[in-house]
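Overview (structure and organization)
Single-letter residue listing:
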Amino acid sequence: MTAEIRWGIVGPGRIAESVMGDFAHVPGARPVAVASRSLDRATAFARQHGIERAHGSYADILADPDVDVLYVATPHPQHAAIALAAIDAGTALLVEKAFTATTAGAAEVVGRARERGVFVMEAMWTRFQPAVVRLRELIAEGAIGEVRSVQADLGVAREYDPRDRLFALELGGGALLDLGVYVVSFAQMLLGTPDTVRVAGSLFPTGVDAEAGLLLGYDDGRTATLTASLRHPTPGQARVFGTTGWIDVLPRFHHPDTIVLHRAGGEPETITRRPTGTGYAHELIEVTECLRAGRTESAVMPLADTLAVQDVLGRAADALGVRHAEDPAVLRV
Ligand SMILES: NC(=O)c1ccc[n+]([C@@H]2O[C@H](COP(=O)([O-])OP(=O)(O)OC[C@H]3O[C@@H](n4cnc5c(N)ncnc54)[C@H](OP(=O)(O)O)[C@@H]3O)[C@@H](O)[C@H]2O)c1
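Residues numbered from 1 in each chain as written. Predicted model: local features only at pLDDT ≥ 70, side-chain atom pairs only at ≥ 80, totals over all residues. Heavy atoms only, no water.

1. Things to note about the pattern of salt bridges
- Inspection of the entire model under this criterion finds 25 salt bridges.
- Between Arg127 and Asp305 there is a salt bridge, with the nearest N and O atoms lying 2.7 Å from each other. In this pair, Arg127 is assigned in the loop between β6 (120–123) and α6 (130–140) and Asp305 in helix α9 (residues 303–320), connecting sequence segments 178 residues apart. There is no split in this pair, since Arg127 and Asp305 are both buried.
- The salt bridge involving Arg231 is made with Glu211; its shortest N-O contact spans 3.1 Å. Taken together, the residues Arg231 in the loop between β10 (223–229) and β11 (238–242) and Glu211 in strand β9 (residues 209–217) connect sequence positions 20 residues apart.
- Taking the relative accessible area as the measure of exposure, Arg231 reaches 39% and is therefore partly exposed.
- Put simply, Glu4, Arg30, Glu52, Arg53 and Asp64 are held in one network by salt bridges that share partners. (Salt bridge = Lys/Arg side-chain N within 4 Å of Asp/Glu carboxyl O. Helix = DSSP H or I, 4+ residues; strand = E, 2+ residues; numbered from the N terminus. Buried < 20%, exposed > 50% of the residue type's maximum accessible area, 1.4 Å probe, protein only.)

Set out below in structure tokens:
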């Protein structure tokens, strides 16, 4: 691995556009290539962001020998095929959330990464936000005793448009994979893998879920109550309840500035930790540092957690009757 970590961007869409500015806050990282299904789009993105090489197909960037790590920013069903091909080429990966469209897809990617010893991380930026890092420290210090329960909600009212990726089944649409992944990953971070998953919700006419309420159960009595919705707005707040107090993660909890610690019998303590840049810099720094250190996984966002989260999302989708599938054809365009 070179001293400078050279990044390639796959799928120059909305999120790739938002993330680019944060590379300025990542020491030792440089975006050097971008790939789109259209050379014109890749060239325009490269010009706009000062990237040297524009590739007119995803296969081309996979064959680019001067890329150390790919940031996969396509819709979810297009993640697995790209990730598998990158792993086979020995290229490290940061894969947008949701990691894949299906549990089987996630298991295949994780299995291949472990087999080949290639670094892969899900781009769950929440875990790297300074306020969330402080939350984990407080819990580890025993500030609220033993964590027994987590609540989290993330909802937006989006106008139904069957052509939009959020509502299209073949593009992995629905509240669960786009927003539910945040609430489930937050619970996973604090409580671990649940023993039971219960869900209620509704579907849009395209067959993707519009809203979902999840109850995660643990055999020792711990619980998580989670809400995700594309039908109605919610504050986007999380609360972590312990045996001697609780912590509020103020909206929006998936990239918060502020947490409020309530120790039993004490005054609330407000703790503010602002993110760097737009908040994406922290996950980019994690990947860059892991690669420099020769690691194959992030300790903060381990692949076991990614798999467990995808499994919960898959069970919830199954229970609601949502039939997601991976898109193996994405590399043929
Ligand atoms: N971390 C966050 O804050 C955050 C926020 C939003 C989204 N995301 C995640 O990022 C991923 C992309 O979301 P987005 O909102 O950026 O999506 P988007 O703008 O709709 O699509 C991203 C790009 O994917 C490429 N693509 C490849 N196959 C495609 C297909 N079959 N249909 C449509 N586009 C295809 C397209 O680029 P080319 O055709 O030019 O190659 C497109 O511009 C999703 O997994 C999403 O959950 C993360």
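2. Brief notes about helix α4 (residues 79–88)
- With eight of ten residues buried, α4 lies mostly within the body of the structure.
- Of all the residues in α4, the buried ones are His79, Ala80, Ala81, Ile82, Ala83, Leu84, Ala86 and Ile87.
- Elements in contact with the buried residues of α4: β1 (5–10), α3 (58–62), β4 (69–72), β5 (92–96), α5 (103–116) and β6.
- Just downstream of α4, Gly90 is the residue with a positive phi angle, here 80°. (Contact = heavy atoms within 4.5 Å.)

3. A few points about the pairing of strand β12 (residues 245–249)
- Taken across its five residues, β12 has four buried, putting it largely inside the fold.
- With antiparallel pairing between neighbouring strands as the criterion, β11 and β12 make up a hairpin whose turn holds two residues.
- Where β12 and strand β13 (residues 258–263) come together, five bridges link them in antiparallel fashion. The residue of β13 that forms the bridge with Trp246 is His262. (Pairing = 2+ DSSP bridges.)

4. A short note on the layout of surface pockets
- Roughly 1000 Å³ of internal volume is contained in the largest pocket.
- Around the largest pocket sit 36 residues that line it, and Arg14, Ile15, Ala73, Arg165 and Asp178 are the ones nearest its centre.
- At the level of elements, α1 (14–20) and α7 (175–191) are the ones that each hand at least two residues to the lining of the largest pocket.
- Broken down by class, the residue content of the lining of the largest pocket amounts to 16 nonpolar, ten polar and ten charged.
- Summarising the domain contributions, the lining of the largest pocket has at least three residues from each of domain 1 (5–126 + 280–304 + 324–332) and domain 2 (130–272). (1 Å grid on protein atoms, 1.4 Å probe; cavity = no way out; pocket = protein on both sides within 12 Å on 5 of 7 lines; lining within 4 Å. Points joined across faces, edges and corners; volume = space filled by probe spheres on them. Nonpolar A, V, L, I, M, F, W, Y, C, P; charged D, E, K, R; others polar. Domains from an automatic or database assignment.)

5. Quick word on the site of the ligand
- Around the ligand, 24 residues are found, and the nearest of them are Ser36, Arg37, Arg41, Tyr58 and Lys97.
- Arg41 has a polar side-chain atom sitting 2.7 Å from an oxygen atom of the ligand.
- Between an oxygen atom of the ligand and a side-chain N or O atom of His79, the distance comes to 3.3 Å.
- In the complex, the protein chains occlude 85% of the 900 Å² of accessible area that the ligand would expose alone.
- A majority-of-atoms criterion places the ligand in the largest pocket.
- Elements represented by at least two residues in the shell around the ligand include exactly α1 and α7.
- Broken down by class, the residue content of the shell around the ligand amounts to ten nonpolar, seven polar and seven charged.
- Each of two domains, domain 1 (5–126 + 280–304 + 324–332) and domain 2 (130–272), supplies a minimum of three residues to the shell around the ligand. (Near = heavy atom within 4 Å. Polar contact = N/O pair within 3.5 Å; in protein donor to acceptor, adjacent residues only side chain to side chain. Areas by Shrake-Rupley, 256 points an atom, 1.4 Å probe, with all protein chains shown as cover. Sits in = over half its atoms within 2 Å of the grid points.)

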